[in-house]
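Descriptive analysis of the structure
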Amino acid sequence: MYRSIQDFITDWKTETDLTSQLFSVIPPAQFQVQVHAQVRSLARLAWHLTQTLTEMGHRAGLFTEDHLEGLEIPDEMPELLEIYHQYGVQLHKAVHAKWTDSSLNDEVEMYGESWEKGKVLKVLINHQCHHRGQMTVIMRLLGLPVPGIYGPSREEWLALGMDAPA
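Sequence order sets the numbering: in each chain, residues are counted from 1 along the sequence as written. Owing to the predicted nature of the model, reporting of local features is limited to residues with pLDDT of at least 70; listing and counting of side-chain atom pairs is limited to 80 or more, with chain, interface and lining totals taken over all residues. As a convention, hydrogens and water are excluded, and side-chain values are obtained from all of the structure's heavy atoms.

1. Description of the overall build of the protein chain
Keep this limit in mind: For helices the rule is a DSSP run of H or I covering at least 4 residues; for strands it is a run of E covering at least 2, with both sets numbered from the N terminus onward. Based on C-alpha atoms, the radius of gyration is set beside the globule rule, defined as 2.2 Å times the residue count to the power 0.38. Any two residues whose heavy atoms approach within 4.5 Å at even a single point are treated as in contact. Using a 1.4 Å probe, the Shrake-Rupley method yields the accessible areas, and only the shown protein chains count as cover for residues.
Check the secondary structure of the protein chain and you find five helices and two strands. Its C-alpha radius of gyration of 17 Å places the protein chain within 12% of the 15 Å reference for a compact globule of 166 residues. Projected onto its principal axes, the C-alpha positions of the protein chain cover 50 × 35 × 25 Å. Counting contacts in the protein chain only where the partners sit at least 6 residues apart, residues at least 24 apart contribute 66% of the total. Total accessible area on the protein chain is roughly 8,900 Å²; 52% of this is exposed by carbon and sulfur atoms.

Here is the structure:
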C-alpha cells in the first residue's frame with residue numbers, strides 16, 4: 001500500500017515505461033494470435049491493462065467516467081500504445097491533483113469492497129506487473145524475443161556475450 005503520492009508517481013513512471021516498452025516490441029503478425037483457447041492474446045491483455053486505467057480510475061473517483069468501457073481492441077498496437085500512454089498520464093495527473101498523502105488512508109468502494117486509496121495505487125502497479133508477466137510467457141510461446149523488464153532477458157544476456165542463467 002502506498003503512503004506517499006510521490007512514491008507512487010515514481011513507481012508509476014517506471015512501470016508504465018516498462019509496460020510501454022513491452023507493448024512496443026509486439027509485432028503486428030502476433031498481435032492477435034491466441035496460443036490457446038483459454039489464454040488471452042497479446043492484444044487482449046494489452047487492451048485489458050489499458051482499460052483498467054480508466055476502469056479503476058473511475059471506480060476510485062479519479063475520473064468522472066470510464067472512457068474506455070465497452071470499446072473494442074484497437075486494430076494495431078501503435079494505436080493501443082498511444083491510448084495506454086494517454087490514460088497512464090491522465091491517471092498520474094489525477095492522482096497528483098486529487099489525492100494527498102493524508103488521503104491515501106481514506107477508503108473508496110472497489111469491486112464490492114472498501115479499499116484504502118493507497119491500496120488502489122498498489123493494485124494498479126501490481127496488476128500491470130502480473131499481466132506483463134503473462135505477456136512475456138505468451139511471447140516466448142510465440143517465439144518472440146522478450147525485453148528485459150527488471151533485468152536482462154535471455155536475448156539480452158546473449159547479446160552481452162554472456163551465458164543466460166538457466
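Having seen it, we continue.
2. A few points about the nonpolar core
What counts is decided by this rule: To form a nonpolar core, buried Ala, Val, Leu, Ile, Met, Phe, Trp, Tyr and Cys residues must be joined to one another through side-chain atoms within 4.5 Å. Burial classes: relative accessible area under 20% of the type maximum marks a residue as buried, over 50% as exposed, and values in between as partly exposed (1.4 Å probe, protein chains only).
If you look at the biggest cluster of nonpolar residues, it comprises 44 residues, and the most contacted ones within it are Phe 8, Phe 23, Trp 99, Val 120, Leu 121 and Met 135. Only α1 (5-24), α2 (42-59), α3 (77-98), β1 (107-110) and α4 (117-141) provide two or more residues apiece to this core. Top contributing element to this core by residue count: α3, with nine residues. Setting aside its immediate chain neighbours within four residues, Leu 121 contacts Tyr 2, Phe 8, Val 95, Trp 99 and Leu 104.

3. Some remarks on the pattern of salt bridges
One side chain can pair with another of opposite charge once the charged atoms of both are near each other. Condition: Salt bridges, as used here, are contacts in which a Lys or Arg side-chain nitrogen is within 4 Å of a carboxyl oxygen on Asp or Glu.
Enumeration according to the criterion identifies four salt bridges in this entry. The salt bridge involving Lys 13 is made with Asp 17; its shortest N-O contact spans 2.9 Å. One end of the pair, Lys 13, and the other, Asp 17, are both in helix α1, four residues apart, so they sit about a helical turn from each other.

4. Regarding α2
The cut-off we apply is this: The span one expects for a helix is its residue count, reduced by one, times 1.5 Å. The seven residues ending at a residue and the seven starting there each receive a fitted axis; the angle between those axes is the bend at that residue.
Compared with the 26 Å implied by 1.5 Å per residue over 18 residues, the 25 Å span of α2 between its first and last C-alpha is a close match. Of all the bends in α2, the largest measures some 30° and sits at Thr 52. With 14 of its 18 residues buried, α2 lies for the most part within the structure. At the C-terminal side of α2, Gly 61 shows a positive phi close to 85°.

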